[in-house]
Amino acid sequence: VAFILSSELSFVYSKGGKVRKVHVMLLAPDFESVERINRRLQAVGNLASDGRPILGLDVRVFCRMVADAAPRAVVIPSHIWTPWFSLFGANSGFDAVEECFEEMTPSIFAVETGLSSDPPMNWRLSALDRFALVSNSDAHSPSKIGREANVFDTEFSFRGLMETLRANDPARFLYTVEFFPEEGKYHYDGHRKCGVVCAPRESLKTGGLCPKCGKKLTIGVLHRVEELADREPGVGGPGRVPYKNLVPLNEIIAEAVGKTPECQGVWDLYFRFIREFGDEHAILTEVPVEELARIPPERIAEAVGRMRRGQVSIAPGHDGEYGRIRIFGEGPAAEACSPQMSLF
């Protein structure tokens, strides 16, 4: 397994009269760089307290420390639109990259779009034109690894990857693999406790308050993009890195056969496809639908085709709850898995 030494860190601090909460990724070229960075950070906080250390340090100061301790290491702001912990977060973020990183802004050359936004949403901000837009998956469970990803054609090394991101050249940075952004946990505004989901224009009518209980709605990513955007939707330009919206294969199979994604029967079909065609990304993006149809039921191949064409319907995610994606419309509810027989 090839890997890059990396970590995510959380910074909670006060700046400009507000409490800021920003997550960033740190990518290091070698173990020596990691050790030097760790020695500097251990004087700031407890690095062993959590898988994602929480430090009471201005992220600008952190970038300076990293530059001094390990000049080849790279800092990338994480999931930049998430409401609670991100660069542009509605509740604790900033309105501009420069406002956050100040004199260290030139050292930032890539930002992570997060699950609730996709490249076209980020293209609406001219201020982000100079940044590479990367997509990375949650790693909360093995099946989520690679859920969002970046596809390169470059030298297979840390240096090669970083040079490609700096150049942001579509000839080498081929495309990103994305959620449908509506599927992300914070795409729309909402209040999960009351079951309220709002498009930005609807929440503006209520002053950002829940129409049921009167408490503040959690302002979602789409709303925040609308606040900061200086371009209309659909405005593109040359040199954009392409993207592909995908649905995990086990979820596609589950809907096609009317089961839940974690059923053993679904995983049996999943690994039959893997044995026949290789890896999941190839199945979702490259293998002809006619080839996929060789494995019954053919409805699975049909579902992959629909996904490739973007023919899906989605109930948008909101306030920490994932959106629900459907390929064949609403249809009947999926059958629950039964790990064992019931006693009665």
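The structure we're discussing is the one just above.
Described below are features of the structure shown in this document. (Residues numbered from 1 in each chain as written. Predicted model: local features only at pLDDT ≥ 70, side-chain atom pairs only at ≥ 80, totals over all residues. Heavy atoms only, no water.)

### Observations concerning unusual backbone geometry
As a rule of thumb, non-glycine residues mostly have phi less than zero, and peptide bonds are mostly trans rather than cis. Geometrically, the link from proline 296 to proline 297 is a cis peptide bond, its omega value of -5 degrees lying close to zero. Relative to the helices and strands, proline 297 resides in the loop between helix H11 (289-292) and helix H12 (298-308). Of note in the backbone geometry, histidine 79 takes a positive phi value of approximately 25 degrees without being a glycine. Inspection of the secondary structure puts histidine 79 in the loop between strand S4 (74-77) and helix H3 (97-101). Given the relative accessible area of 17%, histidine 79 is considered buried. A positive phi is found at glutamate 102, a non-glycine position, where the angle reads about 50 degrees. With respect to the helices and strands, glutamate 102 occurs in the loop between H3 and strand S5 (110-112). (Helix = DSSP H or I, 4+ residues; strand = E, 2+ residues; numbered from the N terminus. Buried < 20%, exposed > 50% of the residue type's maximum accessible area, 1.4 Å probe, protein only.)

### Topic: the packing of aromatic side chains
The geometry of an aromatic ring pair comes down to the distance between the two centres and the angle between the two planes. Counted according to the given criterion, the structure contains nine aromatic pairs. Both rings, one in tryptophan 267 and one in tyrosine 270, keep their centres 5.0 Å apart while their planes meet at 75 degrees; by these two values the pair is edge-to-face. In this pair, tryptophan 267 and tyrosine 270 both sit in helix H9 (residues 264-277), three residues apart, roughly one turn of the helix. Classification of tyrosine 270 as buried rests on a relative accessible area of 11%. Both rings, one in phenylalanine 273 and one in phenylalanine 277, keep their centres 6.2 Å apart while their planes meet at 35 degrees; by these two values the pair is tilted. One end of the pair is phenylalanine 273 and the other is phenylalanine 277, both in helix H9 and four residues apart, which spans about a single turn. What makes phenylalanine 273 buried here is its relative accessible area of 1%. Residue class for phenylalanine 277 comes out buried when judged on its relative accessible area of 16%. The residue whose ring lies beneath arginine 20 is phenylalanine 94, and the NZ or CZ to ring-centre distance is 4.2 Å. (Phe/Tyr/Trp six-rings, centres within 6.5 Å; stacked < 30°, edge-to-face > 60°. Lys NZ or Arg CZ within 6 Å of the ring centre and 35° of its normal.)

### Some points on the sheet that holds strand S7 (residues 149-152)
What the three strands build is an open sheet, ordered S7-S8-S11; its pairing is mixed. Here the strands that pair on one side only, and so sit at the sheet edges, are S7 and strand S11 (243-245). This sheet shows a mean twist of 20 degrees between the axes of neighbouring strands, independent of strand direction. Pairing of strand S8 (residues 173-178) with S11 involves three bridges; the strand directions are parallel. Looking at the pairing, threonine 176 lines up with tyrosine 243 of S11. (Pairing = 2+ DSSP bridges. Axes fitted to C-alpha atoms, helices over the stretch in contact; angles between N-to-C directions.)

### Looking at the sheet that holds strand S2 (residues 18-28)
In space, the four strands of this open sheet follow the order S3-S1-S2-S4, with mixed pairing throughout. The sheet is open, and its two borders are formed by strand S3 (54-55) and S4, each paired with just one other strand. Where strand S1 (residues 5-15) and S3 come together, two bridges link them in parallel fashion. When the bridges of S3 are listed, serine 10 appears paired with isoleucine 54. Most of the contacts of helix H2 (residues 59-69) go to S1, to which it runs at about 140 degrees, and overall it touches S1, S2 and S4. (Contact = heavy atoms within 4.5 Å.)

### Thoughts on the packing of helix H8 (residues 249-257) against H12
As a packed pair, H8 and H12 sit with axes 9 Å apart at the nearest point and diverge in direction by 125 degrees. With respect to H12, the element H8 is oriented oblique. Read as a crossing pair, H8 and H12 show a hand that is right-handed. Of the residues in H12, those in contact with Ile252, Ile253, Glu255, Ala256 and Val257 of H8 are Arg299, Ile300, Ala303, Val304 and Met307. (Parallel < 35°, antiparallel > 145°, perpendicular 65-115°, else oblique. Left-handed = near helix turned anticlockwise from the far one by under 90°.)

### Things to note about a nonpolar patch on the surface
Together, Val12, Val19 and Ile54 make up a nonpolar patch on the protein surface, roughly 240 Å² of accessible area in all. The topology assignment puts valine 12 in strand S1. Look at valine 12 and you get partly exposed, because its relative accessible area is 30%. (Patch = residues over 30% accessible without salt bridge, like charges linked within 9 Å, V, L, I, M, F, W, Y side chains within 5 Å. Areas by Shrake-Rupley, 256 points an atom, 1.4 Å probe, with all protein chains shown as cover. Salt bridge = Lys/Arg side-chain N within 4 Å of Asp/Glu carboxyl O.)

### Some words on empty space enclosed by the protein
The tally for this structure, following the rule as stated, stands at one cavity of 30 Å³ or more. A volume near 40 Å³ is recorded for the largest cavity. (1 Å grid on protein atoms, 1.4 Å probe; cavity = no way out; pocket = protein on both sides within 12 Å on 5 of 7 lines; lining within 4 Å. Points joined across faces, edges and corners; volume = space filled by probe spheres on them.)

### Remarks on the nonpolar core
In terms of nonpolar packing, the biggest core is built from 42 residues, with Phe11, Phe62 and Trp81 touching the most fellow members. At the level of secondary structure, the elements contributing two or more residues to this core comprise S1, S2, helix H1 (31-41), H2, H3, helix H4 (119-123) and helix H7 (221-228). With residues up to four places along the chain from it excluded, the contact list for tryptophan 81 reads Ser86, Phe88, Gly89, Thr113, Ser117, Asn122, Leu125, Leu128, Val221, Arg224, Val225 and Leu228. Counting residues in each nonpolar core, the second largest holds 32 residues, with Ala254, Met307, Ile327 and Phe328 among its members. (Core = buried A, V, L, I, M, F, W, Y, C linked by side-chain atoms within 4.5 Å.)

### Quick look at H2
Note that an α-helix has 3.6 residues per turn; residues three or four places apart therefore point the same way. All buried positions along H2 are accounted for by Val59, Phe62, Cys63, Met65, Val66 and Ala69. Seen end-on, H2 carries its buried residues on one side only, within an arc spanning 160 degrees. Sitting at the head of H2, aspartate 58 places a side-chain oxygen 2.8 Å from the backbone nitrogen of arginine 60. (Arc of directions from axis to C-beta. Polar contact = N/O pair within 3.5 Å; in protein donor to acceptor, adjacent residues only side chain to side chain.)

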